[in-house]
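Understanding the architecture of this molecule
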Amino acid sequence: MVSPEVEIQASASLITKIQTQYCMLYGKNLILATKPYTQEFRSKSWAYVISTFSLLLIFLSVTTFVPNIYVKIPCGILVGLLVVRSFVIYHDYEHHSILQKSFIARVIMTIFGIYILAPASIWKRSHDYHHNHNSKLFTADIGSFPIVTKRKFFAMSKSNRFMYLAIRHPLNILFGYITIFALGMCVRSFLSSPKKHYDSLLALIIHIVGSVLVIHYFGWITWLLAVYVPFFIACGLGTHFFDIDVHNMLYFAPFGLLFNAIAFGATLIYFLLSSKDILAVGHNGAEYFALIFFVLCGTSIVTSFNTLLMLFLGIEIISIPLYILTGAAKRDLKSNEASLKYFLMGAFSTGLMLLGIAFLYGATPNGSFFFWMTWL
Amino acid sequence: MSFKVSAAPFHFWTPDVYDGAPTVFTSFMATIVKTGVFIAFIRLFGDAFGAMQVRWELFVAIIIAATLFIGNITAVFQQSVKRMLAYSSIAQAGFMLFALLTLNTFAKEGIILYSAAYSLATIGIFFDTDKDERLFV
């Protein structure tokens, strides 16, 4: 029988052992160790603020005033991307990490906050809450898009579930400028406490008046490109469309992602070059394209697999549409033969690969097959 | 895995399938799918079996030598353009397998670059083949 004191001593010695082994820091030491990183290079901050905001202004004015539509479209998209970058700076500023006690910075940031429909008062309420309560969140979400766990989702009432799904619906996120930012953030917070959030009303009024003025003086197209597209991009980019828990089955390393980019680019070029030939193969043009997209899906699984199971799944998703594509020219005897041959040999090799995978599962000591953990 | 990238002892299906399939799909198979499986190959052997490289090194070396040899020599005797391109793609697989043999960051960068260049070039040449098919076959 081990007495409790001995047990406590043992666990304490274990903790110190872990601390020394992994250089883990706690409490005050941890805060002191991060000190060197908290310094701000003010000139650098200013350089980033000025460059980003001046670029934003330049592109915004180009989109508004240049009549040529081919200039307008790329500029509108660039404005959207620049808004995202400025928002990152705005985020840091609102967290008091850069450019504190500067009057000019405050003016710029206030204007920007109104411009993106996320004024400082809302920030104080919601986002500061999230950072102040990092370890005791009552929901798992940050910002305007809620995320709940599966168990919580099933525990919700029906109307709550509907609201949750509606908010997370891709369409809603696509039109986030109107639904989330204008209605969700500004109108709602203003209605809840008009005194505290007077700047939301100001932002809304400025946005509506600005839109009306732009439409009146420059026409619909300019409004679409100078006002809507940037927010469309910015509001869409700031949120993840699909929040999927892959349970470590996939591992997204830069290597695989870079290749994904190349594969998607190559497919685009392939489509541009030979889409007419694809349509000429048979009567089911749409299906050929769909099958090629299935293959592409398999390719992106295969480049970021983390378990042998995922590897197998990816290879099968690649192979099966390929068997069909090979036999796409139904009237051609040669094509049929090729398809059958490919299918039979593919089935054989798949069987061999599965055998190998089974051996590996048997050979790994703890039966786990996350090889990022077991073999590294 | 060797089957999918059509490396040497498992390459026999390649010319037949490439020849039989409609040319547009052949070009897709030879480029994107093939390089994709190569990435998987490298990730599997590099990350999972990298620790025991000594054991499979010789095996991979033999496969590379056989692939390059068979791919390039047999291509000489081919009568149809598509069959020749199929053998050329077998030979390319041999070159790409070199990255698997060396397995360092340099090789990884190399294979990314190679797969991009190879995909572009092969899509181009198959597109051309498709246009002039009647002349060659």
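Reading guide: rules and limits
Residues numbered from 1 in each chain as written. Chains lettered and ligands numbered in written order. Predicted model: local features only at pLDDT ≥ 70, side-chain atom pairs only at ≥ 80, totals over all residues. Bend = angle between axes of the 7 residues up to and from the residue. Helix = DSSP H or I, 4+ residues; strand = E, 2+ residues; numbered from the N terminus. Buried ≥ 20, exposed ≤ 12 C-beta atoms within 10 Å, placed from the backbone. Axes fitted to C-alpha atoms, helices over the stretch in contact; angles between N-to-C directions. Parallel < 35°, antiparallel > 145°, perpendicular 65-115°, else oblique. Left-handed = near helix turned anticlockwise from the far one by under 90°. Contact = placed C-beta atoms within 7 Å. Nonpolar A, V, L, I, M, F, W, Y, C, P; charged D, E, K, R; others polar. Core = buried A, V, L, I, M, F, W, Y, C linked by C-beta atoms within 7 Å. pLDDT = per-residue confidence, 0-100.

Right, let's talk about helix α13 (residues 254-281) of chain A for a bit. The axis of α13 of chain A is deflected most strongly, by about 70°, at Ser-274 of chain A. Listing the buried residues of α13 of chain A in full gives Phe-255, Gly-256, Phe-259, Ile-262, Ala-263, Ala-266, Thr-267, Tyr-270, Ser-274, Ile-278 and Val-281 of chain A.

Residues and elements named next belong to chain A. At a minimum axis distance of 9 Å, the contact between helix α3 (residues 42-65) and helix α4 (residues 69-94) shows a crossing angle of 150°. With respect to α4, the element α3 is oriented roughly antiparallel. Relative to α4, α3 is oriented so that their crossing is left-handed. Along its contact with α3, which presents Tyr-48, Val-49, Thr-52, Phe-53, Leu-55, Leu-56, Phe-59, Leu-60, Val-62 and Thr-63, the element α4 presents Val-71, Lys-72, Cys-75, Gly-76, Leu-78, Val-79, Leu-82, Val-83, Arg-85, Ser-86 and Ile-89. Of the residues belonging to the contact of α3 with α4, the class tally is 15 nonpolar, four polar and two charged.

This brings us to the nonpolar core. Ranked by internal contacts, the top residues of the largest apolar core, which has 60 residues, are Val-302 of chain A together with Phe-28 and Val-33 of chain B. Among the elements that take part in this core, helix α3 (residues 23-48) of chain B stands out by supplying 13 residues, more than any other. Once you skip the residues sitting within four places of it in the chain, Val-33 of chain B turns out to touch Val-295, Thr-299, Ile-318 and Leu-322 of chain A together with Phe-28 of chain B.

A few words on the confidence of the model for chain B. Residue and element names in this part refer to chain B. Residues of chain B with pLDDT of at least 70 account for 82%, and the chain-wide mean is 76. Averaged over each element, pLDDT in chain B is lowest for helix α7 (residues 133-136) (50) and highest for helix α6 (residues 105-131) (81). Across the interfaces of the predicted complex, the ipTM metric reaches 0.83, alongside a pTM of 0.55.

Moving on, we come to the environment of Phe-289 of chain A. Its location among the elements puts Phe-289 of chain A in helix α14 (residues 285-302). Counting along the chain gives 18 residues from Phe-289 of chain A to Phe-271 of chain A, while the straight-line C-alpha distance between them is 9.0 Å.

The next point concerns the interface of chain B and chain A. Taken together, the contacts link 37 residues of chain B with 42 residues of chain A. Elements with a contribution of two residues or more to the side of chain B that touches chain A: α1 (2-5), α2 (13-20), α3 and α6 of chain B. Top element by residues in the side of chain B that touches chain A is α3 of chain B. It accounts for 16 residues. Residue composition of the side of chain B that touches chain A, by class: 24 nonpolar, six polar and seven charged.

With that settled, consider the packing of helix α15 (residues 308-326) of chain A against helix α16 (residues 333-363) of chain A. Residue and element names in this part refer to chain A. The geometry of α15 relative to α16 is characterised by a closest axis approach of 9 Å and an angle of 175° between their N-to-C directions. Viewed along their axes, α15 and α16 adopt a mutual orientation that is roughly antiparallel. Contacts from Leu-308, Phe-312, Ser-319, Tyr-323 and Thr-326 of α15 reach α16 at Ser-335, Ala-338, Ser-339, Tyr-342, Phe-343, Gly-346, Met-353, Leu-354, Ile-357 and Leu-360.

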